[in-house]
Amino acid sequence: MRFVDEAVITVEAGDGGNGVASFRREKFVPFGGPDGGDGGRGGSIYIQADDDTSTLVDYRYTRKFRAERAKNGRGANCAGRGGEDTVLLVPVGTTIVDTESGDIIGDLVADGQRVLVAAGGDGGLGNTHFKSSTNRSPRKCTHGAKGEYREIRLELKVLADVGLLGMPNAGKSTFIRAVSAAKPKVADYPFTTMVPNLGVVDADSHRSFVMADIPGLIEGASEGAGLGIRFLKHLARTRILLHIVDVQPIDGSDPASNAKAILNELKKFSPTLAKLPVVLVLNKVDQLAEDTREEWCNHLLEEMQWEGPVFKTSGLMSEGTKDVVYYLMDEIEKQRELEAEDPEYAAQVKAFRDQLEAETREQTIAAKEAYREMRRQQRLAGLLGDDDEDDDGDDGEMEVYYVR
Ligand SMILES: Nc1nc2c(ncn2[C@@H]2O[C@H](COP(=O)(O)OP(=O)(O)OP(=O)(O)O)[C@@H](O)[C@H]2O)c(=O)[nH]1
Ligand SMILES: [Mg+2]
């Protein structure tokens, strides 16, 4: 299934109806007095999270939304009918940002939660409101107010518990294939994965979590090298990072310095993101002779001065991968339980995530701009073919595998 994670739309609420000036005219009632009704309230626009909506793709096609204008008031003190509200459904996990101010209007995290994004205009007042002791037949009435208008950006983050991190070719996609139903492309060249993938990982029958496979990182990524860091924002809502290291890269590079370079790029991108727990996976151990395996791995760990959790796997042979899955599942469950039971811990986690969100959003916007500028320069220099013209640095579309 295609998955779109960002859309910019405009929302325009309905204008309020006008108030009217009218006078009661009835047989046998001379000087009946003012009876002009108020205008109705214009329709508002809400955005609501909905479990049955899984993508923002619709908002790529229809980008303008208007709510209904209200009716004007009428004589005989009849108020105008209000405009119908418009409710736009988005997937749970959508963040709504005002594009002009950059402010977050809302963060929809539960089914049914809604926020007002454009308020309908108030109705104008009919002339009955302007009656006074000195003016018994006022002709004054007011216009309805304009409905609110704004441009907003909808952002849907991939909601994964675990994010895969690593150099191109480290075996990230092979790993996610081994532990889930996700079937991203695997090949022996760098940057096979160009867009993120999600896979649902089953630990056992009732326990599962979501893993995200993102494009590989290389040294200098934070300055735009390779595919840059614009995909790292997808790691912002994960709980744990799984760092996949190829123990014997085909290009002859040193695994320990590769691993250190990745952690370095992560820190440069977001110091907060770098504080997430990292689990190290020494991958492709099937390539090492069995009798030297242990020694080589220990040597790498020493070089890296690694003290965190570590696993040795072969994604290709599905060797050792199940242990990683159980470990991750236990850690995720521990975190989920703590969050549910300990409000103080939950508050800390929330503060941490808010900071992470803010940091990654800023970085991603900057990275996209840098990327577009680079493409512009390349285009000017005649380095890009026609096929490349359309890439605006947007990583809107990605594959998501929810199948188990
Ligand atoms: N021998 C061996 N080869 C592996 C293993 N895992 C992956 N490979 C091979 O390594 C190459 C790269 O694997 P991918 O899974 O595409 O690597 P990736 O990290 O997703 O790479 P990018 O998408 O380019 O970032 C492929 O040729 C795989 O077959 C493993 O455990 N053992
Ligand atoms: Mg890949």
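Because the structure is predicted, anything quoted here is derived from the model rather than measured.

Q: Help me out: how do you make sense of the site of ligand 1 in this one?
A: Lys 172, Thr 174, Phe 191, Thr 193 and Asp 286 are the nearest of the 24 residues found near ligand 1. Interatomic distance of 3.3 Å between a backbone N/O atom of Ala 187 and an oxygen atom of ligand 1. Burial of ligand 1 by the protein amounts to 91% of the accessible area it has alone, namely 640 Å². If you tally residues by element for the shell around ligand 1, the top one is helix α2 (residues 172-179), at three residues.

Q: Teacher, can you tell me more about the state of the cysteines here?
A: By definition, a disulfide links the sulfur atoms of two cysteine residues through a covalent bond. Within this structure, the stated rule accounts for zero disulfides. Just so you know, Cys 78 is unpaired, no disulfide at all, and the nearest cysteine sulfur is the one on Cys 141, 15 Å from it. Residue Cys 78 is classed as partly exposed on the basis of its relative accessible area of 27%. Here Cys 141 falls in the partly exposed class, since its relative accessible area comes to 31%.

Q: Sorry if this is basic, but what is going on with the pattern of salt bridges here?
A: Side chains that differ in charge, positive against negative, can pair when their charged atoms come close. Going through the model one piece at a time under the given rule, you end up with 17 salt bridges. For the salt bridge of Asp 354 with Lys 350, the shortest nitrogen-to-oxygen distance reads 2.8 Å. Placement of both Asp 354 and Lys 350 in helix α6 (residues 343-380) is noted, with a separation of four residues, approximately one turn of the helix. Through salt bridges with shared partners, a single ionic network connects Asp 161, Arg 239, Arg 336 and Glu 339.

Q: Hey, could you run me through the sheet that holds strand β3 (residues 45-49) in this one?
A: With mixed pairing, three strands are arranged side by side in an open sheet as β5-β3-β8. What marks the edges here is a single partner per strand, and that holds for β5 (86-90) and β8 (114-118). Each strand of the sheet is rotated relative to its neighbour by a mean of 30 degrees, with strand direction disregarded. Both β3 and β8 contribute to a ladder of four bridges, which runs antiparallel. Among the inter-strand pairings, Tyr 46 is bridged to a residue of β8, identified as Leu 116.

Q: Which parts of the structure should I look at to understand the domain arrangement of the protein chain?
A: The extent of an interface is frequently quoted as the accessible surface area lost upon association of the parts. Taken domain by domain, the protein chain consists of domain 1 (6-156) and domain 2 (162-401). Distance between the C-alpha centres of domain 1 and domain 2: 45 Å. Every contact between the two is made by nine residues of domain 1 and, on the other side, seven residues of domain 2. Of the roughly 610 Å² buried at the junction of domain 1 and domain 2 (both faces included), carbon and sulfur atoms supply 27%.

Q: What should I look at first to understand the confidence of the model for the protein chain in this one?
A: Any residue range with low pLDDT should be treated as having predicted coordinates unsuitable for detailed reading. Of the residues in the protein chain, 90% have a pLDDT of 70 or more, and the chain-wide mean is 85. Note on residues 389-404: pLDDT is under 50 here. Beyond four places in sequence and across chains, it has 59 contacts.

Q: Before we go on, may I ask you to explain the packing of aromatic side chains in this structure?
A: The way to describe two aromatic rings as a pair is by their centre distance and the angle between their planes. Summed over the entire model, instances satisfying the criterion amount to two aromatic pairs. In this structure, Arg 114 packs its charged tip against the face of Tyr 46, placed 4.6 Å from the ring centre.

Q: Would you mind going over the sheet that holds strand β2 (residues 6-12) with me for this structure?
A: Within a sheet, neighbouring strands are paired by backbone hydrogen bonds and run either parallel or antiparallel to one another. The mixed open sheet is built from five strands, whose spatial order is β4-β2-β9-β6-β7. Edge strands, defined here as strands with exactly one partner in the open sheet, are β4 (64-66) and β7 (104-108). The average angle at which neighbouring strand axes cross in this sheet is 25 degrees, direction not considered. Pairing of strand β6 (residues 94-98) with strand β9 (residues 149-156) involves five bridges; the strand directions are antiparallel. Within β9, the residue paired with Thr 95 across the bridge is Glu 155. Contacts from α6 reach β2, β6, β7 and β9 within the one sheet, and its direction differs from that of β9 by about 100 degrees.

Quick notes on the rules
- Residues numbered from 1 in each chain as written.
- Chains lettered and ligands numbered in written order.
- Predicted model: local features only at pLDDT ≥ 70, side-chain atom pairs only at ≥ 80, totals over all residues.
- Heavy atoms only, no water.
- Near = heavy atom within 4 Å.
- Polar contact = N/O pair within 3.5 Å; in protein donor to acceptor, adjacent residues only side chain to side chain.
- Areas by Shrake-Rupley, 256 points an atom, 1.4 Å probe, with all protein chains shown as cover.
- Helix = DSSP H or I, 4+ residues; strand = E, 2+ residues; numbered from the N terminus.
- Disulfide = S-S within 2.5 Å.
- Buried < 20%, exposed > 50% of the residue type's maximum accessible area, 1.4 Å probe, protein only.
- Salt bridge = Lys/Arg side-chain N within 4 Å of Asp/Glu carboxyl O.
- Pairing = 2+ DSSP bridges.
- Axes fitted to C-alpha atoms, helices over the stretch in contact; angles between N-to-C directions.
- Domains from an automatic or database assignment.
- Contact = heavy atoms within 4.5 Å.
- Buried area = accessible area lost by both parts, 1.4 Å probe.
- pLDDT = per-residue confidence, 0-100.
- Phe/Tyr/Trp six-rings, centres within 6.5 Å; stacked < 30°, edge-to-face > 60°.
- Lys NZ or Arg CZ within 6 Å of the ring centre and 35° of its normal.

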